[in-house]
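Per-entry structural report
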Amino acid sequence: MNYPYIPHTDEDVRAMLDFIGVSSIEELFSSIPVSARSSLNIPESRDEFSVFKRLKEISEMNNSLEDYAVFLGAGVYKRYVPTVVYDLAMKPDFLTAYTPYQAEVSQGTLQALFEYQTMICELTGMEVANASMYDGATALAEAALMSFRLTGKDKVVVARSVHPEYRAVLRTYLEKRGFTVVEAGYDETGRVLLEEVDEETAAIAIQYPNFFGVIEDLDYVRSRSGNALLIVVVEPVSLALLEPPGSYGADIVVGEGQSLGLPMWFGGYSLGIFATREKYVRQMPGRLIGQTVDQAGNTAYTMILQTREQHIRRARATSNICSNHAHAALIAAVYMSVMGPDGLKEVARRSYSAAHYLQERLEEMGFKLRFSGEFFNEFVFNVPEDYPERWKWMMAKKILGPLPLKGFYPELGDTALACATEVISKEDIEKLLEAMK
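The structure contained in this document is the topic of the report that follows. Treat the numbers as computed from the prediction; the structure is a model and nothing was measured. (Residues numbered from 1 in each chain as written. Predicted model: local features only at pLDDT ≥ 70, side-chain atom pairs only at ≥ 80, totals over all residues. Heavy atoms only, no water.)

**Overview of the packing of aromatic side chains**
In this description, a pair of aromatic rings is defined by centroid distance and the angle of the planes. Selection rule: Paired rings are identified among Phe, Tyr and Trp, the last through its six-membered ring, by centres lying within 6.5 Å, and are further divided according to the angle between planes into stacked (under 30 degrees), edge-to-face (over 60) and tilted (the rest). Helical segments are the DSSP runs of H or I of at least four residues, strand segments are the runs of E of at least two, and each set is numbered from the N terminus. Using a 1.4 Å probe on the protein chains alone, a residue whose accessible area is under 20% of its type maximum counts as buried, one over 50% counts as exposed, and one in between counts as partly exposed.
Enumeration over the complete set of coordinates arrives at 13 aromatic pairs. Seen from their ring centres, Phe114 and Tyr301 are 5.4 Å apart, and the 50° between their planes marks the pair as tilted. Separated by 187 residues along the polypeptide, Phe114 in helix H7 (residues 107-124) and Tyr301 in strand S10 (residues 299-306) bring together distant segments of the chain. Here the two residues Phe114 and Tyr301 agree in accessibility, since each one is buried. Here a set of aromatic residues connected by ring pairs shows up, and it is made of Tyr186, Phe211, Phe212, Phe371, Phe408 and Tyr409.

Structural data, given as structure tokens:
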């Protein structure tokens, strides 16, 4: 018996089989159909060169997103990332550290996270930001939990124009723990209608721009919030053009940071943005990096707040998510540093212009806007009944078309959510228009 990839002797294998009461490896897998077991066959070991060549052949069977015209947004965006971002962020110095627990050996990572926090505060108009969270959806759920701790109330009103998957995560977090989640509708502009807010409301959660791409009126939302805290879910690149939520009195700002230099992973790690007011910092989940000086008077960085159960008593922990995404935050810090304020504004302007040009061309073909509110780089438009089938057909033509919305918003009927970013060309748009005919 010889299993080249398993570091056990025949005697080891025999002892384990005897212990669990089967006579052979084959008997161990006997409950699995033969047709499925055939795929478990592992080839004999080969030299590294041959294995690498074979893996490369397999990888070339994959389709690359670079070959697609991408009009699919809905929270994950295809953007151009300057080469220097990964050249810096993928240095082994940064990749080897899971979390900077030991400040004395992690000064580079700590400084990068401190800079990340600073830039997030500048983007959002808030006073303090943590060193990242898991993703945008869980950051929203943590913001709701934080609002309960701050107010002593147990109800959150969330706009239906917030990403449907974010709302699903929010309900998963809250409802089984006895908290109440109430959804607020929207009007013909695509903006939220706040009629469910009362004295028992801990917080209102809206998205800016919202899932429909429409830019919410934060003045209206703040005026209707009463004593409730205001949680705003943001798309960070849009804030290079839009007035930041902090200017409208937002209490907590969360969001998905993927568009800050992270690629469109196939289910890979993401980046949760979380910022708030300084007076709430003790109830903020996650880690906070601070700047100080060492004994010699030199600038030094250290973790000044860590409110997870790994660090403090479980009963006082604000979050039990055991993973932040420090390296993703580091990538975002490098990206924002490389782009600078002017570069981010240019990315936002190009995205805005591309989306509005696409909307005009679609309207010329008879595809009408569903909402009248001003939008950033996404918009909802009416489509034929057979659009979901056409959407799948377009994938074979290397077009990731606008997202069909009927499964998320049945009340909208046959509609789709279109997105355009700075990487969309006029040639890409013509390709989509031809497929939409």
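Continuing now.
**Details of the packing of helix H12 (residues 387-396) against helix H13 (residues 426-436)**
So the rule is basically this: The convention used is that axes are lines fitted to C-alpha atoms, helices contributing only their stretch in contact, and that angles between N-to-C directions extend from 0 to 180 degrees. Geometric relationships in this document are graded by angle, where less than 35 degrees denotes roughly parallel, more than 145 denotes roughly antiparallel, 65 to 115 denotes roughly perpendicular, and other angles denote oblique. The handedness criterion is simple: a crossing whose near helix is rotated anticlockwise from the far helix by less than a right angle is left-handed, and one whose near helix is rotated clockwise is right-handed. Every residue pair with non-hydrogen atoms within 4.5 Å of one another is taken to be in contact. Residues are grouped as follows: Ala, Val, Leu, Ile, Met, Phe, Trp, Tyr, Cys and Pro are nonpolar; Asp, Glu, Lys and Arg are charged; all remaining types, including Gly, are polar.
One can describe the packing of H12 onto H13 by two numbers: an axis separation of 11 Å at closest approach and a directional angle of 135°. Compared by their axis directions, H12 and H13 come out oblique. Viewed along their axes, H12 and H13 form a crossing whose handedness is right-handed. Contact residues: H12 offers Tyr387, Arg390, Trp393 and Met394, while H13 offers Leu432, Ala435 and Met436. Looking at the contact of H12 with H13 residue by residue, the class counts come to 6 nonpolar, no polar and 1 charged.

**Here's the deal with empty space enclosed by the protein**
Note the following rule: Lining residues are those with an atom within 4 Å of a point, where the points come from a 1 Å grid over the protein atoms alone and group into cavities, where a 1.4 Å probe fits but cannot get out, or pockets, open sets with protein on both sides within 12 Å along at least five of seven lines. Grid points are joined across faces, edges and corners, and a volume is the space filled by probe spheres set on the points.
By the definition in use, this model includes 5 cavities of 30 Å³ or more. Within this model, the largest cavity holds a volume of roughly 200 Å³. Lining the largest cavity are 20 residues; nearest its centre among them are Gly75, Tyr77, Gln207, Glu235 and Glu378. Tallied by class, the residues present in the lining of the largest cavity amount to 9 nonpolar, 8 polar and 3 charged.

**Points about the packing of helix H11 (residues 326-364) against H13**
Viewed as axis vectors pointing N to C, H11 and H13 meet at an angle of 30°, and their least axial separation amounts to 11 Å. Accordingly, the angle class assigned to the pair H11 and H13 is roughly parallel. Where H11 crosses over H13, the two elements pack in a sense that is right-handed. Residue-level contacts link Ala354, Tyr357, Leu358, Arg361 and Leu362 of H11 to Lys426, Ile429, Glu430, Leu432 and Leu433 of H13. Grouping the amino acids of the contact of H11 with H13 by side-chain chemistry returns 7 nonpolar, no polar and 3 charged.

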